[in-house]
Amino acid sequence: MDFRKDAVALDLSGEWQMAFSQEPRDFRRDTYTDIVEAGLTFYPVQVPGNFDLDLHRNGLIPEPFFGMNIADLPWREQM
């Protein structure tokens with residue numbers, strides 16, 4: 001029996017926005033208002049996509065797949 005035939009599909013592909021901080025935090029930002037009040041900047045991202053490439057497109061990191069640049073980015077794995 002295929003239970004997926006009745007499932008609703010929701011396509012999230014397209015242009016989105018992200019906000020992030022490299023600062024360690026002991027709390028979570030759950031809503032748009034929380035993020036704005038924290039003073040974080042929103043950046044355009046592509047879904048489906050790649051976090052490293054979105055950071056690069058927004059000028060936040062150097063080309064991640066050039067040389068050893070990726071080795072300088074361990075902080076992004078702890079987000």
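I will try to describe carefully the structure that is included in this document. Keep in mind that what you see is a predicted model, and the values were worked out from it rather than measured.

## Some thoughts on the overall build of the chain
Check the secondary structure of the chain and you find two helices and two strands. Walking the chain from its N terminus toward its C terminus, one meets helices and strands in the order β-α-β-α. Considering the chain as a whole, with its 79 residues, one finds that 19% of them fall into the buried category. Restricting to contacts in the chain with at least 6 residues of sequence separation, those with at least 24 account for 45%. Carbon and sulfur atoms make up 54% of the accessible area of the chain, which amounts to about 6,500 Å² in all.

## A short note on the nonpolar core
It is characteristic of soluble globular proteins that their nonpolar side chains tend to be buried jointly. Formed by Met-18, Phe-20, Tyr-43, Val-45, Leu-55, Ile-61 and Leu-73, the largest nonpolar core amounts to seven residues. With sequence-adjacent residues up to four places away left out, Met-18 is seen in contact with Thr-41, Phe-42, Tyr-43, Val-45, Phe-51 and Leu-55.

## A short note on the side chain of Asp-54
Looking at the secondary structure, you find Asp-54 in helix H2 (residues 51–57). Taking relative accessible area as the criterion, Asp-54 reaches 4% and is therefore assigned buried. A polar contact of 2.5 Å, which involves the side chain of Asp-54, links it to the side chain of Arg-57. Setting aside anything within four residues of it in sequence, one finds Asp-54 in contact with Val-45 and Gln-46.

Rules of the game
- Residues numbered from 1 in each chain as written.
- Predicted model: local features only at pLDDT ≥ 70, side-chain atom pairs only at ≥ 80, totals over all residues.
- Heavy atoms only, no water.
- Helix = DSSP H or I, 4+ residues; strand = E, 2+ residues; numbered from the N terminus.
- Buried < 20%, exposed > 50% of the residue type's maximum accessible area, 1.4 Å probe, protein only.
- Contact = heavy atoms within 4.5 Å.
- Areas by Shrake-Rupley, 256 points an atom, 1.4 Å probe, with all protein chains shown as cover.
- Core = buried A, V, L, I, M, F, W, Y, C linked by side-chain atoms within 4.5 Å.
- Polar contact = N/O pair within 3.5 Å; in protein donor to acceptor, adjacent residues only side chain to side chain.

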